Amino acid sequence: MEAAAPHSLAELTVTSPEQMRELGLRLASLLCAGDLVMLNGELGAGKTTLTRGLGEGLGVRGAVTSPTFVIARVHPSLVAGPPLVHVDAYRLGGGLDEMEDLDLDVSLPESVVVVEWGEGKVEELADDRLWIGIERAVGDTTDEVRHVSLRGLGARWAGVDLGGVLRV
């Protein structure tokens, strides 16, 4: 499968965990069943906080927490929307072969699938995906400032104004 060309790009600076959660809340308004969201960033960058906001915006059941030790959690919708499948691929070393046991390809059409640490592991699941990179200052653990980059890849994201959802 060839790499999809980016159709939508946006960047912003987030200065607190509350703003990261709010970003997830706003991004949820763009998501629908079948969407694959890949979150990338160092430990403590805010991937799970962003996903917590996505879950809140999608109206799903259950507290969204890091699925590091269970690998994946499914949060059913409370509002007749798509469930949120939250995956942490950090401990998975292989590519899609190792991910097959999670049946993400089966879950994807009816769910919003969010994969932390998925780069190089889940791209083959969908030509269309939302890639989100979160960067923080290296070595300064007290600094809450994060640089967030969003790239919509594939036809699904053509014409989607990611920057629009970022404007308050």
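Residues numbered from 1 in each chain as written. Predicted model: local features only at pLDDT ≥ 70, side-chain atom pairs only at ≥ 80, totals over all residues. Heavy atoms only, no water.

## Re the overall build of the protein
Helix and strand content of the protein: five helices and seven strands. The secondary structure elements of the protein, listed N-terminal to C-terminal, are β-α-β-α-β-β-α-α-β-β-β-α. Expressed as a percentage of the 168 residues in the protein, the buried residues total 46%. As presented, the protein carries roughly 8200 Å² of accessible surface, and 52% of it is formed by carbon and sulfur atoms. (Helix = DSSP H or I, 4+ residues; strand = E, 2+ residues; numbered from the N terminus. Buried < 20%, exposed > 50% of the residue type's maximum accessible area, 1.4 Å probe, protein only. Areas by Shrake-Rupley, 256 points an atom, 1.4 Å probe, with all protein chains shown as cover.)

## What to know about helix α1 (residues 17-28)
Helix length check: α1, at twelve residues, gives a terminal C-alpha distance of 17 Å against a target of 16 Å (1.5 Å per residue), a fit within 8%. Among the residues making up α1, those that are buried are Met 20, Leu 23, Gly 24, Arg 26, Leu 27 and Ala 28. (Expected span 1.5 Å × (residues − 1).)

## Thoughts on the confidence of the model for the protein
Confidence along the protein averages 83 in pLDDT terms, with 80% of residues attaining 70 or more. Within the protein, no element has a lower average pLDDT than helix α3 (residues 96-99), which sits at 55, and none a higher one than helix α2 (residues 47-58), at 96. (pLDDT = per-residue confidence, 0-100.)

## Quick word on the nonpolar core
One finds Leu 23, Leu 27, Leu 31, Leu 50, Ile 132, Val 148 and Leu 150 to be the most contacted residues of the largest nonpolar core, which totals 29 residues. Put simply, the parts of the chain that give this core at least two residues each are β1 (6-14), α1, β2 (36-41), α2, β5 (112-116), β6 (129-136), β7 (146-153) and α5 (162-166). The leading source of residues in this core is α1, at four residues. Ile 71, Ala 89, Val 115 and Leu 125 belong to the second largest nonpolar core, which has 14 residues in total. (Core = buried A, V, L, I, M, F, W, Y, C linked by side-chain atoms within 4.5 Å.)

## Structural notes on the pattern of salt bridges
Considering all chains together, one arrives at three salt bridges under this definition. The shortest N-O distance in the salt bridge between Arg 26 and Glu 22 comes to 3.5 Å. On the criterion of helical spacing, the pair formed by Arg 26 and Glu 22 is a turn pair, its members being four residues apart in helix α1. Residue Arg 26 is classed as buried on the basis of its relative accessible area, which comes to 19%. On the basis of relative accessibility, which here comes to 30%, the residue Glu 22 falls in the partly exposed class. Here Arg 156 makes a salt bridge to Asp 35, at a shortest N to O gap of 2.8 Å. Here Arg 156 is found in the loop between β7 and α5, whereas its partner Asp 35 is found in the loop between α1 and β2, with 121 residues between them in sequence. (Salt bridge = Lys/Arg side-chain N within 4 Å of Asp/Glu carboxyl O.)

## Looking at the packing of aromatic side chains
Two descriptors summarise a pair of aromatic rings, namely the distance from one centre to the other and the angle between the planes of the rings. In total, this model carries zero aromatic pairs according to the counting rule given. Arg 151 extends its terminal NZ or CZ atom over the ring of Trp 131, reaching a point 4.0 Å from the ring centre. A cation sits over an aromatic face here: Arg 156 above Trp 157, 4.1 Å from the ring centre. (Phe/Tyr/Trp six-rings, centres within 6.5 Å; stacked < 30°, edge-to-face > 60°. Lys NZ or Arg CZ within 6 Å of the ring centre and 35° of its normal.)

## Considerations on the packing of α1 against α2
With their axes 6 Å apart at the nearest point, α1 and α2 run at an angle of 40° to one another. Considering their axes alone, α1 and α2 lie oblique with respect to each other. In this structure, the crossing between α1 and α2 has a hand that is right-handed. The segment α1 lies against α2, with Pro 17, Met 20, Arg 21, Leu 23, Gly 24, Leu 25, Leu 27 and Ala 28 engaging Thr 49, Leu 50, Gly 53, Leu 54, Glu 56, Gly 57 and Leu 58. (Axes fitted to C-alpha atoms, helices over the stretch in contact; angles between N-to-C directions. Parallel < 35°, antiparallel > 145°, perpendicular 65-115°, else oblique. Left-handed = near helix turned anticlockwise from the far one by under 90°. Contact = heavy atoms within 4.5 Å.)

## Looking at the environment of His 75
Topologically, His 75 is positioned in strand β3 (residues 72-75). With a relative accessible area of 4%, His 75 lands in the buried category. In the structure, His 75 is positioned 13 residues away from Gly 62 in sequence and 6.1 Å away in space, judged by C-alpha atoms. Once residues within four sequence positions are removed from consideration, His 75 is found in contact with Val 60, Arg 61, Gly 62, Ala 63, Val 64, Pro 83, Leu 84 and His 86. Of the polar contacts made by the side chain of His 75, one reaches the backbone oxygen of Arg 61; its length is 3.0 Å. (Polar contact = N/O pair within 3.5 Å; in protein donor to acceptor, adjacent residues only side chain to side chain.)

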